Structures are given as C-alpha cells and as structure tokens.
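Listed below, chain by chain, are the residues.
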There are 2 protein chains.
Amino acid sequence: MRQAGRYLPEYQAVRKKHDFLTMIRTPALAAEVTCQPVEILGVDAAILFSDILVVPEAMGMTLSYRDAEGPSFAAPVRDASAVGRLRRIDPSVSLAYALEAIALTKQRLGGRTPLIGFAGAPWTLAAFMVEGKSSHDAREARRMMYRDPGTLTRLLDETAENVILFLRAQAAAGADALQIFDTLAGLLAPEDYRRFGLPQIRHILASLRDIPVPKILFAKGQGSMVEELAAAGADCLSLDWQTDLGAARRAVGDRVALQGNLDPMTLFAPPERIRERVGAMLQGYGKGSGHVGNLGHGVLPDAPVDGVKAFVQAVRELSPSFHS
Amino acid sequence: MRQAGRYLPEYQAVRKKHDFLTMIRTPALAAEVTCQPVEILGVDAAILFSDILVVPEAMGMTLSYRDAEGPSFAAPVRDASAVGRLRRIDPSVSLAYALEAIALTKQRLGGRTPLIGFAGAPWTLAAFMVEGKSSHDAREARRMMYRDPGTLTRLLDETAENVILFLRAQAAAGADALQIFDTLAGLLAPEDYRRFGLPQIRHILASLRDIPVPKILFAKGQGSMVEELAAAGADCLSLDWQTDLGAARRAVGDRVALQGNLDPMTLFAPPERIRERVGAMLQGYGKGSGHVGNLGHGVLPDAPVDGVKAFVQAVRELSPSFHS
C-alpha cells in the first residue's frame, strides 16, 4: 500500500520543492521518498513512489495533476476512435524514469528490504481514462460498460497488454515483488467484474508466470469474491478493510498469502487501541506464515506519524507468536 | 429505493417551482412526486419522497440544501457537548409534514399500491451529523469512532431512539412498510459494523416488533455479512448491486425476503440488455415468492426514463415464471 506521502514531514520537505509529477518522473527524488518509510518507520518492504496513471500517460494521454483535484487527463477516452489512438508502450523509453527509480531505490536500500513495483489493473485504469479524472463512482466508464461493452473491452485488453509490459520491465529493473491495484473493482457487480475485471487480471498474471517474483493482487471492494480472486494467479491477495480477514483465510486456506487489512483510519486511534486492532487482525488470520501485516488501503495524507509507527511496532511485536 | 427524482420530467416540472426542502416539507408536493413513479412507471409500490436527514434536523440541526453540493448542516456534531444538545424528537410536531405527506399519499394512491416509509440508520445519520455534509468516506465520523468511541456510541444510541419514534409514527400515519437505509454501512470494517452499525439496527427493529408492517433493511456495502443482516429482525434485506443475489439467497434461504439488486447504471443500457440483466437477476434469486425486483441503489438523476420503464416491464414479464 502507499507508504510514502504527505503524512511524512520528510516527504513534505521534498514536495515543497517539486511538484507531484516531477517527483515521480525524477528517479533520484522518487527513490528518496520511496526509501523514507523504510528509514523512518522501519517497515519490511518499500513500495515504489509512483502513480498508476503513468501507464495511460505512456499510452499517449496527457496527464496533469493539481493538489485540489488530483490527477486528470486532458482528453478522456469516450469512444472507439479514442481507444484506437492509444499507443502500445515501450517501457524502456516512455517509462524509463520509473525503471531508473527502481534501480536507484534498490541501490539505496542495499538489500535492507525488498522493493515492490506495481501497476493499476485494467478496469481501474480504464475507468480513469474514460472519466478523465478521479471519480468515486466511475459513472462514465460504467455507462460505457452498459452501452458499448465492445469498446470498453478493447480498452481493457489494450491496457492489459501495456500493464504486462510495464510489470515485466519493473521486475527486470529489480523489483522484488509486483502488485496490481484494482482500486475501483468494487464499483462493479460480481457479474460485471467477472467480465470486465478478472479475465484481464488473469491474463496479466498468466503472462508474467515466468517471472520468479511474488505477485500481489488488490481488488478493493470485491472481498466477497475472495475464492475467485485467489484463483486468478497471484501469490498474495491484498484485502481491503471491509473484508473479514478470518473468513477470507478460511475460504482460501494456504493457497495464497493474504495481506492486510486494517482500516487506515485506525492510525488515528491512540497507540493502545491500534495495538488491540493489530492483535485482532493477527488473530483473525491465525497461525501460519502466509500473512503480510498491512493496512486495507493506503496511509491517509493526514495520518499521524506516531499512529503509523505504533502500527508497525505492534505488527513487529505481536506477529512472531503466530508464526510458530 | 429512491424513485421520485430528477430523471422524471414531471418531477422537474414541480422542482422548477420549489426548492428541494420545500418539496419535502410541503405534504401536497411530497405526495404528488411520491405518486409520480406509480403513475408514470407502473411500479408496485411507492416510497415516500423525503430525505434521511429530516431526523437530524428534527433533533435540532440546521439543514440546508444546495443543488451543487447536496445537503449540509450548519454545525456538525464533533464532540460530546454537541451530542448532549441534540433533542429527543416528537414526530407529530417536528416531522408532522412527513406524516401528513404519508396520509395524503395514501389517499391519492387509493389502494393502488402500498406506500413505503423510511428512515436512515443510526450509523449513516451519525456520519452525516459528524461530517456536516455528504461524504463518500465519512472521514470525521470514522475518526471519532477510533478516537472517541464513547461519544459516537451516545450519538448512535440517541439517533436510534429518534428513528424508532419516527418509524413508529410513519406506520401510524399509514405507511405499509418501513425501510431502514444504512447507505454508508460499507465504510466500516466488519468488526466496527458489528459494534457501531448492527446493534443499533437490531434495537430499532426489536422496538418495532409490535408493528405489523414489513421492515426492510438496506446495509449498502455489507453484503458479505448477509447472514448476520438476515438475523437483525427485518423481514426483507435490500441488497446493493455488488452483492451476488444467488449467493445471498443460498446463505439466507427463505428466512427473509431479498430485494434488489441491479446496478442503477444498467438503466443506461439498451432495452434488450436491461431485459437480459433482469432475467439474470431473477435467475440468480431462483424460484420462490420472497424476491422484490429492484435496483441495488436509487435511480440516478440522469437515468433515461425509457430505461426505467424497460426495467419495470422486464420484471413484470419475466418474474411470474419464478413464482410458481
């Protein structure tokens, strides 16, 4: 989950001098903020500081970013001809900055922790491309799904091919694990997710089967489909906080590892309550080594650093007894 | 689910002359738009045109409504003293307009269809009261939950008592069924919903057990908890479109009826696709008389009327074969 970010004063210090997209596109800056959580919080892995929208950008869309509104695309993809204009990417050219950031981060980490690379899932990326901006309901993309499913399918398929290329390049550049974020998965009915979400993810994971790094799948809001997600080809499922971790473990057993899943708002609680909730999370998963203690979504911009530290400390202290 | 609204030209005609809150507070206008969907679409039940926030308003909060931003409260409830200032309502006084609207609507319907009354669930109402406005993540309310659970609990309990009073009054005024809307239920982790959502709903339903009208519970985003919801005391569960209707039926059997649950965006599809999806929904529930064909949330403001009609027609035509 997103670790580097506004809640860290050290991040803010860098951000004050550079805008968000510059930070993403400048390997030294991206590597610096990627390593901050490892150095400040003592987490067990770093996740590349980047954005899922770099892939649509590399496909030819013009991305801009304003603090108040977040990311937006100048020209949303609303019809077949717009889909036709999208380019197949060459990550070594259009996403070279991300690959360089990975190489630099690996150097800087010096083996202290693994580095996770990532990409957005086709449905989530397509939803952004169709909307043209952040949207909590992806109305335009869902409208396209019902009115013109053929065009949406072409967009999803083309995006999937680009995600494959980018994830493969990230692994080649040194990423030790790869996470697929389907942040908007939960907007789709199960029937629609089985058609416009899961098949494309299965295709990506099947295409990356030869790469010997763990793959993690986060399909936010589809926790009731945990068994189907577990069969999608990922080694680990990352769960949102609305999913019952214990029930998910019972459903999937040890077929895949499970990551998560405290509500990010938990970090606003006093340390003793954070510790209680971490304990309940670990108890929920139960005995075994297939659990990655984590939040159920990214750290919020205004999360208190002490809360984040209390979370990391509680996982460190309470988890060993579940591993024996 | 919300039926009267902006997608109907006949509603727009009334709305052009009166603002939203005036329409809610004027029984003749509320009754008029409540009956529109029955008259125009031929649905099998009417649901009162009102808003869940009339209860917090009756509890002493100042409600305003602007087209662009939706409803807001002048002074959000952020601490124990603000909770202490909330009033116990007397529906026959502060919500007399809603009760009169029910009586008028019943007259106007003349027995053609039943009328559903409703209220927001304590968690959803409390989230609005704490935020002070619409919020898709209820950050402030969830922060209160983690930081000051005692104050949130007092707010939930007081709200629950007022919801009981209002629902009881609606039944006395003539409502033939009562629906509880927990629209923001899905923001809570299962563990939190079991503490800050469900117990208050169970209390409400237990308190209304003597009222011989069906009670419907809609806990949006908690579909994975369908068995616990089925045991909350409602006669019918209304399901969001992310819940697998077939799986829900298998989980609850015939212990409760199930309502729903097409994605409201389905109405933007061509009529033949709407019909297909209605067929799949009915097939998902299977044989039996315990299914209420419906959407999984309210009709969207820009839904095409022809799509709504195609939905109603498809349910009418395709459902009888499942009843035998």
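Residues numbered from 1 in each chain as written. Chains lettered and ligands numbered in written order. Predicted model: local features only at pLDDT ≥ 70, side-chain atom pairs only at ≥ 80, totals over all residues.

A few words now on the overall build of chain A. A count of helical and extended segments in chain A gives 17 helices and nine strands. Taking 324 residues into account, the globule formula puts the C-alpha radius of gyration at 20 Å, and chain A, at 19 Å, falls close to it. The C-alpha extent of chain A, read off along each of the three principal axes, is 55 × 45 × 40 Å. Sorting the 324 residues of chain A into buried and exposed places 51% on the buried side. Counting only contacts in chain A whose residues sit at least 6 apart along the sequence, the fraction spanning at least 24 positions is 71%. (Helix = DSSP H or I, 4+ residues; strand = E, 2+ residues; numbered from the N terminus. Rg over C-alpha atoms; globule rule 2.2 N^0.38 Å. Buried ≥ 20, exposed ≤ 12 C-beta atoms within 10 Å, placed from the backbone. Contact = placed C-beta atoms within 7 Å.)

In this section: the relation of the copies chain A and chain B. Superposition record for chain A on chain B: RMSD 0.0 Å, screw rotation 180°, translation along axis 0.0 Å. Interpreted geometrically, this transformation is the action of a two-fold axis. Taking the C-alpha atom as reference, chain A places Ser224(A) closest to the rotation axis, 2.8 Å from it. Of the residues that chain A buries at the interface, 100% are likewise interface residues in chain B, meaning the two copies contact each other through the same surface. (Least-squares fit on C-alpha atoms with pLDDT ≥ 70 in both.)

Before going further, it helps to examine the environment of Gly174(B). Residues and elements named next belong to chain B. Along the polypeptide, Gly 174 turns up in the loop between helix H10 (149-173) and strand S5 (177-182). Among the residues examined, Gly 174 registers 18 C-beta atoms within 10 Å and is labelled partly exposed. Between the C-alpha atom of Gly 174 and that of Gly 110, which follows or precedes it by 64 residues, the distance is 12 Å. Sequence-distant contacts of Gly 174, defined by excluding residues within four places in its chain, comprise Ile 102, Ala 103, Lys 106 and Leu 115.

This part takes up the interface of chain A and chain B. The interface of chain A with chain B comprises 22 residues on the first partner and 22 residues on the second. Every element with two or more residues in the side of chain A that touches chain B is listed here: helix H9 (139-147), helix H11 (190-196) and helix H15 (271-285) of chain A. For the side of chain A that touches chain B, the leading source of residues is H9(A), giving four residues. In terms of residue class, the side of chain A that touches chain B is made up of eight nonpolar, seven polar and seven charged. (Nonpolar A, V, L, I, M, F, W, Y, C, P; charged D, E, K, R; others polar.)

Where a strand is regular, its side chains alternate between the two sheet faces. Residues and elements named next belong to chain B. Among the six residues that make up strand S4 (residues 115-120), six are buried, leaving the element largely enclosed by the rest of the structure. Alternating residues of S4 divide into Leu 115, Gly 117 and Ala 119 and Ile 116, Phe 118 and Gly 120, and every residue in both groups is buried. Direction of pairing for strand S1 (residues 46-47) relative to S4: parallel, over a ladder of two bridges. Paired with Ile 47 across the two strands is Ile 116, which belongs to S4. As paired strands, S4 and S5 are joined by five bridges and run parallel to one another. What sits directly across from Phe 118, in S5, is Gln 179. (Pairing = 2+ DSSP bridges.)

For the rest of this paragraph, the subject is the packing of helix H14 (residues 245-252) of chain B against helix H15 (residues 271-285) of chain B. All names here are of chain B. Relative to each other, H14 and H15 sit at 20°, their axes nearing to 7 Å. It follows from the interaxial angle that H14 and H15 lie roughly parallel. Seen from above, H14 lies across H15 with right-handed handedness. Taking contact as the criterion, the partners of Leu 245, Gly 246 and Arg 249 in H14 are, on H15, Met 281, Gly 284 and Tyr 285. (Axes fitted to C-alpha atoms, helices over the stretch in contact; angles between N-to-C directions. Parallel < 35°, antiparallel > 145°, perpendicular 65-115°, else oblique. Left-handed = near helix turned anticlockwise from the far one by under 90°.)

Right, let's talk about the sheet that holds strand S7 (residues 236-238) of chain B for a bit. All names here are of chain B. Ordered by their spatial adjacency, seven strands build an open sheet running S1-S4-S5-S6-S7-S8-S9, and the pairing between neighbours is parallel. Looking at the sheet topology across the chains shown, the edges are occupied by S1 and strand S9 (291-295). Two strands pair when backbone bridges link them, and strand S6 (residues 215-219) and S7 are joined in this way by three bridges, in the parallel orientation. Pairing of Phe 218 across the sheet is with Ser 238, part of S7.

What follows concerns the nonpolar core. If you look at the biggest cluster of nonpolar residues, it comprises 227 residues, and the most contacted ones within it are Ala126(A), Leu217(A), Leu237(A), Ala126(B), Leu217(B) and Leu237(B). When residues of this core are assigned to their parent elements, the largest contribution, eleven residues, is made by H10(B). (Core = buried A, V, L, I, M, F, W, Y, C linked by C-beta atoms within 7 Å.)

Turning our eyes to something else, we now look at the sheet that holds strand S7 (residues 236-238) of chain A. All names here are of chain A. Judged by pairing direction, the sheet is parallel, and its seven strands sit side by side in the order S1-S4-S5-S6-S7-S8-S9 without closing on themselves. The sheet is open, and its two borders are formed by strand S1 (46-47) and strand S9 (291-295), each paired with just one other strand. Relative to strand S4 (residues 115-120), helix H7 (residues 96-109) is tilted by about 155°, and along the sheet it contacts S1 and S4.

Here the residue pair Gly260(A) and Asn261(A) is connected by a cis peptide bond, since its omega of 5° sits within 30 degrees of zero. Looking at the element boundaries, Asn261(A) is found in strand S8 (residues 257-262). The phi dihedral of Ala138(B) falls on the positive side, at around 50°, and the residue is not glycine. Looking at the secondary structure, you find Ala138(B) in the loop between helix H8 (122-131) and helix H9 (139-147).

Residues and elements named next belong to chain B. Over its 15 residues, H15 extends 21 Å from the first C-alpha to the last, a length consistent with the 21 Å expected when each residue adds 1.5 Å. Where H15 is concerned, the buried positions are Ile 274, Arg 277, Val 278, Met 281, Leu 282 and Tyr 285. Each buried residue of H15 lies within a common arc of 140° when the element is viewed along its axis, so the set occupies one face. Here the buried face of H15 lies against H14, strand S8 (257-262), S9, helix H16 (305-318) and helix H17 (320-323). (Expected span 1.5 Å × (residues − 1). Arc of directions from axis to C-beta.)

Confidence in the prediction of chain A, expressed as mean pLDDT, is 96, and 100% of residues score 70 or more. For this predicted complex, the interface confidence comes out at an ipTM of 0.93, alongside a pTM of 0.96. (pLDDT = per-residue confidence, 0-100.)

Residues and elements named next belong to chain A. Under the domain assignment, chain A is made up of domain 1 (9-238) and domain 2 (262-324). Centre-to-centre separation of domain 1 and domain 2, based on C-alpha positions: 25 Å. The partner domain 2 presents six residues to the six residues of domain 1 that form the contact. Class assignment for the residues of the side of domain 1 that touches domain 2 results in three nonpolar, two polar and one charged. (Domains from an automatic or database assignment.)

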